[in-house]
Every structure is written in C-alpha cells, then in structure tokens.
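# A structural walkthrough
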Amino acid sequence: HSDLGEVAPEIKASERRTAVAIADLEWREMEGDDCEFRYGDGTNEAQDNDFPTVERSRLQEMLSLLGLETYQVQKLSLQDSLQISFDSMKNWAPQVPKDLPWNFLRKLQALNADARNTTMVLDVLPDARPVEKESQMEEEIIYWDPADDLAADIYSFSELPTPDTPVNPLDLLCALLISSDSFLQQEIVLKMALCQFALPLVLPDSENHYHTFLLWAMRGIVRTWWSQPQRGVGSFREDSVVLSRAPAFAFVRMDVSSNSKSQLLNAVLSPGHRQWDCFWHRDLNLGTNAREISDGLVEMSWFFPSGREDLDIFPEPVTFLNLRGDIGSHWLQFKLLTEISSAVFILTDNISKKEYKLLYSMKESTTKYYFILSPYRGKRNTNLRFLNKLIPVLKIDHSHVLVKVSSTDSDSFVKRIRAIIGNVLRAPCRRVSVEDMAHAARKLGLKVDEDCEECQKAKDRMERITRKIKDSDAYRRDELRLQGDPWRKAAQVEKEFCQLQWAVDPPEKHRAELRRRLLELRMQQNSHDPSSGVQEFISGISSPSLSEKQYFLRWMEWGLARVAQPRLRQPPETLLTLRPKHGGATDLGEPLWPEPLGVEHFLREMGQFYEAESCLVEAGRLPAGQRRFAHFPGLASELLLTGLPLELIDGSTLSMPIRWVTGLLKELHVRLERRSRLVVLSTLGVPGTGKSTLLNTMFGLRFATGKSCSPRGAFMQLITVAEGFSQDLGCDHILVIDSGGLIGGALTSAGDRFELEASLATLLMGLSNVTVISLAETKDIPAAILHAFLRLEKTGHMPNYQFVYQNLHDVSVPGPRPRDKRQLLDPPGDLSRAAAQMEKQSDGFRALAGLAFCDPEKQHIWHIPGLWHGAPPMAAVSLAYSEAIFELKRCLLENIRNGLSNQNKNIQQLIELVRRL
C-alpha cells in the first residue's frame, strides 16, 4: 500500500527484512489499532504457516541489541541491579550496546546527571591492554551520526570493534522499563525524579499497541514546595505527586515541526538564562538519532514554586506533558492528553486535510488548544485555510495561534508561552492528580501497571490496617501494646542486669531482684495476643508470593505516612537531606521531631513478642514446644533479603533487642548457607549531615531521609556481592548500618544521656569493619564518637575510618585545603578532654589522627560537594556530588578488597560480637 508507512509506521517495509517478495498484499484495518495482513486468497498469516513472516519486530531487535532479551519472562529485579561487582569499582564507559543498560542503572543509582548519555567509548587496541590497568587504555570517543555516509564508509573496513547502531536514550529507557519488574521500574523513576529528568508516564508497546500507564512507578515520589494561599501566610507543603492535583499542560507534534517541543519545554521550565535539559532533545548528543521503539512515549515533569520571587515562574505547581512522535500515529495517547490537560500546545509546520480531520474530532473537548507554527517551512495558505475552519470547532481565536521562525527571539517567545500558561492558571481550570490521569487512561483502554492482582490484594490488606488508625498515639497504645512502658522498663532492667556482669562483686540479692522484675515484665508482655492490625501485617509478610509481599510493604510505607500524622512542613532542601536548623545539641530525650508511625513499629511489636517468649523459655517458665512466635525472625530475615531496612537499635528505647536481633541473624545464616561472609559498614554523625543520603546514593539503599520522616533508631540493610566478585572482594554480602539520629552534636550536660550516646556509638563502631563519619563542619566531631574511639582503642578493635565533610550549604565552596584537613585531625579541645576524663585517660586529648591511625596525606578525609545544583525544589543533584560519592565508594571497596578494613566476619561471628558488645 502506498501510504503503509503513514497508516502503520511501526511496520515499515524497509524493516521487515523478508527474504521473498510478498505479492498482492492488502492492508486491512481492524477495530481500533488492531491490524493484520491478508493475502490475495483471503488467508491471513496465522492460517498459512508456510508463508514467510516478518523476522523480528523493532522491539525485539532493540532488546537483542541491548542484551535484554533474557529478561522478557523473568524480569530484571531491583536486587539484580544493586549487586556489587567488578564494575562497581570502575568509572568505566560503555563499549558495546549491551553495556548501556547497566551503565544507565549504575549512573542513575548514583544520581549522575550524565546517566542518559548513551555515547560508547571504543578501545582502539583491545588486546594490548591488561584487564586491570585502566590507565593504560587508549580510548577514542565516537559520536555516531547515521547521516554521515563518509563515517560509515570509513568504519565499514576499519578493524575497530564498532557497535552496529547508535541507541537513542529514549529507546534505552523504554527497553529497560519493559525488561524490569515493578519495583525496579519504581526505583528508576524515583531516581530520575531526583535528577530532574522527565519521567515516563505512558510506556509504549510498539509491538502490539498495549500501552502501559505507569502509576505504580510514580508512587514513591514525594516533593516539597511553597504553597501560598490567596489570603494568609504561606508555608512549605510536602505531598506525593501521585495524589496532589495540579493543572496540566501538554505539548504535542502534528506531522512535522521545525521547532523542538522538548527544547521549548526546557526553556519554559528553566528560570533565568541557564537551561536545564529536563526533556531529552535533538541538540543533545545522540538526540537526533532515530527513535526505534519510544515513539508514543508520554513524559511528565513538574514546576514547583520555592517561595522566591526571582525563581518562581508560576505561583503554584504545574504539570507538563510531552508526547514523543506524531499525534496522527499515536491517537490514543493524544486523546488521553486532551482529557487530562488544561491546555494543549500543538507544534506543526503543516496542517493537511488528514490532520484537520483528526482535530475536528476533538470538537466536544473543553480543553484549550494553542498552535505553534513555522509557516515559512510549510504550506502557508493551506495552514491559514484549515486554521480558519478550526477556529469555531475548537473554540479558539487568533491569539491561540503563535508563529515561531528562525528569526523569532527565543526569550520573548518563551515569555509569551509562560504568559499564556499564567492566564490559564488564573482562570478556572482543570486540576488533576496522577491518579486522576490513570482513571482516564483506564477508560480509554490503556493498561495501568497498578491494576495487577497481587498489587491490588496488597493494597486491600494495607487499607484494612490503616483505616483503623485515627490517631497515631492512640493506635500505638491500643494496638501495639508490647511497646511503650513495658518495653522501656524491660530494656532498663536488662541494661542494669548486663552491667552487673562486669561488676567486681555483684550482690546476688540485687541480681535476683533484677531477674524477677524482668520475668514479670516479660510474662506481662507474653500474656497479650497480637492485635488484629499486627495479625494482618504478619499475614501480609507471610504471603508465599514474593511480589505480593513486596507490594504490601510498599503500600504500608505510603499508607502509614499518609494517615498516621500530618507531615511536618520543612524547607525544600529537605527533599533528600536536612541541614541542622539550630546550633545547639540534639537531645535524644526531647526529639526535634515526632517519631512517625511506620513499618518498623509493626516489626518491633513482632520482635517484642519473640523477646518475651524467648526470655520465658530461657528461664524455664514456658516449654519450648508451646512457642507461638519462633518463626518471626525467619519472616524478618526474608524481608532483609528483599532489601527492606530492618531496625537494629530500637528508636524508642535506644536499646538493642538482643534475642530478636541474634535470632534474625541466625535465620539469615540459614538462608544464605555458604554465602555468609560479611563486611559491616556503618555511618555515624550528627543528624542532618547527609549520612542516609550518602548511603542511598552510594549503594542504591532505602534508608529514610529527612527529620520529618526518619525514624530515630539505627537500621541495617543487606547488599549482595556478585558470586563472580565475592572471592576477590573477600565477602559475600555487605551489611550497611545507618545510625539515624542516635548521636547528638555536642557534649550534653546530662551524664546519663552522654553515656548512652557514647555507648551506642561504641556498639555500632565495634560491629563495623568500616565506619564513615559524616561531618557538617571541620570541627563538628561529636563527643560521643570521640568517647567511642577511646573505648575501642582499649579493645584493639579499630575499624577502617573515613571522615566525610559534606558541604551542605553552597555548591561553589571549595574543599578543605591541606591545613584544614590537619585542623580536623587536631585535638578538638574541651570535647576531647571531657571524653578522656570520662574514660580516665590523661592523653585522651591527643590528635585524632593518632587515635584513628589516620595519615593526613592519605585519603582518609573526603570533601563532598553540595548536593544540589541550583535552588530546590527545582534543583537537580549536582554532578560533582555524584562523582565524589562514586570515588568514596570505590575507595571503600578497594580498602575491603585489600584487607585494610578489620578482619571480615561470617554471620556466626557477628552474632557473637553483638552479644559481647
């Protein structure tokens, strides 16, 4: 058929590669987008298996090129993408197309602004270089241009190992999302949001037109912005982007446009003269490469106000949508955009009869339409004729038609677009959430990723729990009965009993009294049954379906965050990390923020049931055969293996439930079998110094960030080392411990409080092979950490230390000069002397360099640049921050590999160390 390419651009003759000519071929359109081939005798392809068929679709070709074919049945998982391997220690560039997905995932995990760059670096002499000697590589960067015939001729007879074809970054994104499970898709989208990349909203399926609306993938994104009511005082608001409503503006292309939608959108979203490339566009590297599978992709981004007049383009949040490809070829996506948008901007050079008919069918739409034309490149008179016909149909006037040619001043044109959007915002207009968009997508027949049976069953279970939560404190008191006073009293008694073990001549009468009180408290706890909410939670994490279990935990996190308590309003820099707001110490007895109700409280309740029962069995008060909760540690260990952070130190009592933790580690040892060699890596520092953000960026972890949502306890998360690398690294897993808000910022006057903080620091550092100490200022070393240094020096257990100075204020501030680093290692004055006096060590105020075995000329001290590039909430993570975190990660792994950290442990040794410490 002569216009086959127009009717069905996804099946072009040049791409079929069929070995024989197909004669007498008719194209017959079926209902909607369904099409089939019929031959002259009336039979179709399915009826004649002997007839030559199309070899492979463009999607299959792309998946094969990128090495993703194997992930079409068993999808790529989040755990797969987070494994530590040889490549984790190399700042390598992709050399062949099959490297591109892994390079993208690694850079995205590190929040690297260059993650979308698909440039490949070809090794000129691949056989001449040693594998480990990257410095000896001779590299040549080739920017492929499919229009450059001369380059094609040169490389056709070159001996260089050239890739078959360049890959458009949008094709790479679509192929990777298609090959990933729901949880990796969610992680990809979340990291893209933190990088301020445009997000995929509708994922096209070029093979069978079964497009997917990515609602679940968006669920984890929470943003903070300045909300200014018409009357009253403004404040910062924090909410899920899936639930908050905002006006939406769509930008689409009709037929051919000389103007780039994506460049125009970037200019509209960027304040000042600096343009951020939120949407990938034709002027970027590889931006002009033909898209093979990503036409039909709908992308989304937002503008969020910051409360600064010089930066706020619009007074309220605004959603921007971008359809890749021509609306005539992707009518379903265009129809969706017209139903959810307040206004649609149509970029085109030509309006033909075909396009006129398409737009005429939208006559019932209440959406506003604007045309952006380049008439000198198209048929000017034809455009005017059709526009005059469309004016009454689409209810537009001549102000809805904008002309942009090469001589048009770009800044003035962008201001005009912003003015149009501002006028729409001031008038009554449609405001929609992503959930509303998903509802409209369902009506149009699009698949919504969240509608799978396992996801919906998990959501229903979450709602049965959360609908009973009217007041967070009341729910904890009535439903989580083993926590609160019973657990605090038991923890205090156990602490006193433990201290007696080290007394020279402990009175037996006092020991017996403590034992009696502990048994009474544990019997009181054991007399309760799990509440209905806890039983429902246990059923959720006991599901035989791993996916349903993971869905349930994610739903619980979001459901509890939404219903348990209103979110504190924090300034926008709290999106990833918080800076200290006050110069004083952080008193853990009087927290600056309430501990939010979270998944950890349900697991904590399970832990207390197990603790109470185990204590009674040990005392002979309960027969082992009558245990009801012995399987609880096994359930928790499975969650740790799926990537959920688990509580190591209880945030409410600031103590460790020893039986629960050791029971969990024993179950972990059983499940890991022979792969149980561990390295323990911990972070310590004052709250607000970016510890959790650093770990999340370095290893792709899920520690909570920000005071408004962070629990106060210490949490641990497990990272798997790839089997092919474990022998070289010397361990099978890395156990990462985040200290959260346990350590204050200065020496407190209360001796008991300081002693508690110092004990917790000693515990975490004593468990660790490697400790990262995060500092906000060059002399901001907490006294509790100095105290722990002195204690551990007596024991001879000194882990490898890395001091990280994080610049939380300004991107442009340079790193500490050598003399500044020396100051960091000098005696911290009163704090060091006070810590030394408490440890009765007269030389405790010596330089920290000697204490920590640090050589100031070596890389024990790191300067991490500022997190943000620009002003939040529209700021992206700075490239310098991402690159510095990668170098720190490489150094940590190199130290582990070279045995510079303390001797690696297996899980059984860790259990014994936990007991002793």
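Up top is the structure these notes are about.
How each quantity is defined
- Residues numbered from 1 in each chain as written.
- Predicted model: local features only at pLDDT ≥ 70, side-chain atom pairs only at ≥ 80, totals over all residues.
- Heavy atoms only, no water.
- Helix = DSSP H or I, 4+ residues; strand = E, 2+ residues; numbered from the N terminus.
- Buried < 20%, exposed > 50% of the residue type's maximum accessible area, 1.4 Å probe, protein only.
- Contact = heavy atoms within 4.5 Å.
- Areas by Shrake-Rupley, 256 points an atom, 1.4 Å probe, with all protein chains shown as cover.
- Pairing = 2+ DSSP bridges.
- Axes fitted to C-alpha atoms, helices over the stretch in contact; angles between N-to-C directions.
- Salt bridge = Lys/Arg side-chain N within 4 Å of Asp/Glu carboxyl O.
- Patch = residues over 30% accessible without salt bridge, like charges linked within 9 Å, V, L, I, M, F, W, Y side chains within 5 Å.
- Lys, Arg positive; Asp, Glu negative; His and termini not counted.
- Charge placed at Lys NZ, Arg CZ, Asp CG, Glu CD.
- Phe/Tyr/Trp six-rings, centres within 6.5 Å; stacked < 30°, edge-to-face > 60°.
- Lys NZ or Arg CZ within 6 Å of the ring centre and 35° of its normal.
- Core = buried A, V, L, I, M, F, W, Y, C linked by side-chain atoms within 4.5 Å.
- Parallel < 35°, antiparallel > 145°, perpendicular 65-115°, else oblique.
- Nonpolar A, V, L, I, M, F, W, Y, C, P; charged D, E, K, R; others polar.
- Expected span 1.5 Å × (residues − 1).
- Arc of directions from axis to C-beta.

### Some details on the overall build of the chain
Tallying secondary structure elements over the chain gives 33 helices and 25 strands in all. The burial tally for the chain puts 55% of its 917 residues in the buried class. Sequence-distant contacts, at least 24 apart, represent 76% of the contacts inside the chain between residues at least 6 apart. When the accessible surface of the chain is summed, it comes to about 40,100 Å², and 49% of that surface belongs to carbon and sulfur atoms.

### What to know about the sheet that holds strand 12 (residues 343-348)
Reading across from one edge, 14-13-12-9-11-10-5-6-15 is the order of the nine strands in this open sheet, with mixed pairing throughout. Sheet topology places strand 14 (401-403) and strand 15 (447-448) at the edges, where each strand pairs with a single neighbour. Packing of helix 13 (residues 380-394) onto the sheet brings it into contact with strand 13 (368-373) and strand 14, and relative to strand 13 it is tilted by some 160 degrees.

### Here's the deal with the side chain of threonine 466
By secondary structure assignment, the location of threonine 466 is in helix 16 (residues 453-466). If near-sequence neighbours (up to four positions away) are discounted, threonine 466 is found in contact with Gly559, Leu560 and Val563.

### Digging into the environment of methionine 192
Mapping methionine 192 onto the fold places it in helix 8 (residues 182-194). When the C-alpha atoms of methionine 192 and cysteine 278 are compared, they prove to be 9.8 Å apart, with 86 residues separating the residues in sequence. Every residue in contact with methionine 192, bar those within four places of it in the chain, is listed here: Leu108, Leu173, Phe197, Ala198, Leu199 and Pro200.

### Describing the pattern of salt bridges
Note that side chains of opposite charge can pair when their charged atoms are close. The tally for this structure, following the rule as stated, stands at 40 salt bridges. Across the pair glutamate 536 and arginine 461 runs a salt bridge, and its minimum N-O distance is 2.8 Å. One end of the pair, glutamate 536, is in helix 20 (residues 532-541); the other, arginine 461, is in helix 16, with 75 residues separating them in the sequence. We note a salt bridge from aspartate 732 to arginine 677, for which the minimum N-O separation is 3.2 Å. Placement of aspartate 732 in the loop between helix 26 (723-729) and strand 19 (733-738) and of arginine 677 in strand 17 (residues 677-685) is noted, with a sequence separation of 55 residues between them. Arginine 677 gets classed as partly exposed once you look at its relative accessible area, which sits at 28%. Salt bridges sharing partners connect three or more residues here, namely Glu494, Arg522, Glu611, Glu618 and Arg659.

### As for a positive patch on the surface
A surface patch of positive charge is lined by Lys353, Lys357, Arg385 and Lys389. Listed by contribution, the elements that provide at least two residues to the positive patch are helix 12 (353-360) and helix 13. Along the polypeptide, arginine 385 turns up in helix 13. In this structure arginine 385 comes out as partly exposed when scored by relative accessible area, which is 44%.

### Some details on the pairing of strand 20 (residues 770-775)
Here strand 20 lies mainly inside the structure; six of its six residues are buried. Both faces of strand 20 are covered, namely the face carrying Val770, Val772 and Ser774 and the face carrying Thr771, Ile773 and Leu775. In the sheet, strand 17 pairs with strand 20 via five bridges, with the strands oriented parallel. Along strand 20, the bridge assignment pairs glycine 685 with serine 774. Where strand 20 lies against strand 21 (residues 800-806), six bridges are found, and the strand directions are parallel. What sits directly across from valine 770, in strand 21, is asparagine 800.

### Section: the packing of aromatic side chains
This structure, assessed with the given rule, holds 27 aromatic pairs. Centroid distance tyrosine 356 to tyrosine 360: 6.0 Å. Interplanar angle 40 degrees. Geometry classified as tilted. With a gap of four residues between them, tyrosine 356 and tyrosine 360 both fall in helix 12, about one helical turn apart. Judged by relative accessible area, which is 16%, tyrosine 356 ranks as buried. Among the residues examined, tyrosine 360 registers a relative accessible area of 35% and is labelled partly exposed. Joined through ring pairs, the aromatic side chains of Phe183, Trp216, Tyr551, Trp555 and Trp558 make up one cluster. Sitting over the face of the ring of phenylalanine 197, arginine 116 holds its NZ or CZ atom 3.9 Å from the ring centroid. The side chain of lysine 404 reaches across the aromatic face of phenylalanine 413, ending 5.9 Å from its centre.

### A short note on the nonpolar core
Grouped together as the largest cluster of nonpolar side chains are 124 residues, with contacts concentrated most on Ile188, Leu201, Phe213, Phe371 and Ile734. Leucine 201 has contacts with Thr212, Phe213, Leu214, Met218, Val298, Glu299, Met300, Leu321, Val434 and Met437, leaving out every residue within four places of it along the chain. Residues Ile465, Val534, Leu718 and Ile737 belong to the second largest nonpolar core, which totals 83 residues.

### Brief notes about the packing of helix 5 (residues 100-109) against helix 7 (residues 169-178)
Taken N-terminus to C-terminus, the directions of helix 5 and helix 7 make an angle of 85 degrees; their axes are 10 Å apart at the nearest point. The angle between helix 5 and helix 7 places the two elements in the roughly perpendicular class. Along the contact surface, helix 5 presents Leu100, Pro101, Phe104 and Leu105, while helix 7 presents Leu172, Leu173 and Leu176. Taken together, the residues of the contact of helix 5 with helix 7 break down into seven nonpolar, no polar and no charged.

### Describing the packing of helix 20 against helix 22 (residues 599-618)
Across the interface, helix 20 lies against helix 22 with an axial gap of 10 Å and an inter-helix angle of 100 degrees. Overall, the two elements helix 20 and helix 22 adopt an arrangement that is roughly perpendicular. Residues Gly533, Val534, Phe537, Ile538 and Ile541 of helix 20 lie in contact with helix 22, whose contacting residues are Val599, Phe602, Leu603, Glu605 and Met606.

### A short note on unusual backbone geometry
A cis geometry characterises the amide bond from proline 872 onward to proline 873, with omega recorded as 5 degrees. Secondary-structure assignment places proline 873 in the loop between strand 23 (868-869) and strand 24 (876-877). Backbone geometry at glutamine 196 places phi at a positive 60 degrees, although glycine is not the residue there. Checked against the element boundaries, glutamine 196 lands in the loop between helix 8 and strand 5 (199-203). Within the chain, leucine 654 stands out as a residue other than glycine whose phi angle is a positive 55 degrees. Mapping leucine 654 onto the fold places it in the loop between strand 16 (646-649) and helix 24 (658-672).

### Thoughts on helix 19 (residues 508-526)
Helix length check: helix 19, at 19 residues, gives a terminal C-alpha distance of 27 Å against a target of 27 Å (1.5 Å per residue), a fit within 8%. Within helix 19 the residues assigned to the buried category are Arg511, Leu514, Leu518, Leu519, Leu521, Arg522, Gln525 and Asn526. Projected down its long axis, helix 19 carries its buried residues within an arc of 165 degrees, all on one side. Close packing links the buried residues of helix 19 with helix 18 (485-500), helix 22 and helix 24.

### Brief notes about the side chain of glutamate 605
Along the chain, the position of glutamate 605 falls in helix 22. Buried and unpaired, glutamate 605 has no salt bridge, with arginine 481 as the nearest side chain of opposite charge at 6.1 Å. With sequence-adjacent residues up to four places away left out, glutamate 605 is seen in contact with Glu479, Leu480, Arg481, Leu482, Gln483 and Val534.

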